[in-house]
Amino acid sequence: MKVGLYFGSFNPIHVGHLIIADTMQDQTDLDEVWFIVSPQNPLKSSRSLLHEFDRLKMVELATADHFKFKVKDVEFHMPRPSYTIDTLTYLSEQYPSHEFSLILGGDNLNHFHKWKNSEELLNQYKIYVYPRPGKNKSVDHKNIEFVEAPLLDISATFIRKTISKGGSVKYLLHPHVMDYIRDKKFFI
């Protein structure tokens, strides 16, 4: 089985994440997309993050109606901060019959060289890259495939700020995620 791993803080997960995952699953040879909720990204501040279990729950709510999407908390049980190469090594040992690939935004290529064992990642795993408005770096490597996908400029930061100001994010979040945020009074 070919599985695309979509790593993220998902703080919160929004329709942009879902559209990208759906496009990747549909437009490539991936059988499934696994959302890997990262408790702590080594390149991001964790100050504004909701608790990891709340972020996991929102991803589960947002993906429940798509049978080719799975949600994994694998990094919750690993040393922190989370490093992609360590997670891939662990998953490859746990699921030896699966072929794993990465799903990345074009903006992530700008600092991919800063990732732990980035050369090993490039050489051992296929990387599917989706465009990000004005933030794409062209990298020529046999394991990198750029996938045509909708250009979406939706950010979790914008969503959090809008909610904190009492604004509407109705069409930016899955309805169940919006209900969860409202019930828990997040970002207010």
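Residues numbered from 1 in each chain as written. Predicted model: local features only at pLDDT ≥ 70, side-chain atom pairs only at ≥ 80, totals over all residues. Heavy atoms only, no water.

## Details of the nonpolar core
It is characteristic of soluble globular proteins that their nonpolar side chains tend to be buried jointly. Core analysis: the largest hydrophobic core is formed by 36 residues, its most contacted members being Y6, I13, F35 and I181. The set of elements that each furnish at least two residues to this core consists of α1 (15–27), β2 (32–37), α2 (52–63), β5 (126–130), α5 (156–164) and α6 (175–184). Counting residues in each nonpolar core, the second largest holds 22 residues, with I36, L102, F112 and W115 among its members. (Core = buried A, V, L, I, M, F, W, Y, C linked by side-chain atoms within 4.5 Å. Buried < 20%, exposed > 50% of the residue type's maximum accessible area, 1.4 Å probe, protein only. Helix = DSSP H or I, 4+ residues; strand = E, 2+ residues; numbered from the N terminus.)

## What to know about the pairing of strand β4 (residues 99–105)
Among the 7 residues in β4, 6 count as buried, and that is most of the element. Across 4 bridges, the pairing between strand β1 (residues 2–8) and β4 is parallel. Directly across from K2, in β4, lies its bridge partner E99. Bridging between β4 and β5 involves 5 bridges; their strand directions are parallel. Across the sheet, L102 pairs through a bridge with I127, a residue of β5. (Pairing = 2+ DSSP bridges.)

## Comments concerning the pattern of salt bridges
Two side chains carrying opposite charge are able to pair once their charged atoms lie near each other. Under the definition given, this model contains 7 salt bridges. K184 is paired through a salt bridge with D54; the nearest N and O atoms lie 4.0 Å apart. With a gap of 130 residues between them, K184 in helix α6 and D54 in helix α2 connect regions that are remote in the sequence. The exposure class of K184 is partly exposed, given its relative accessible area of 43%. Given the relative accessible area of 16%, D54 is considered buried. (Salt bridge = Lys/Arg side-chain N within 4 Å of Asp/Glu carboxyl O.)

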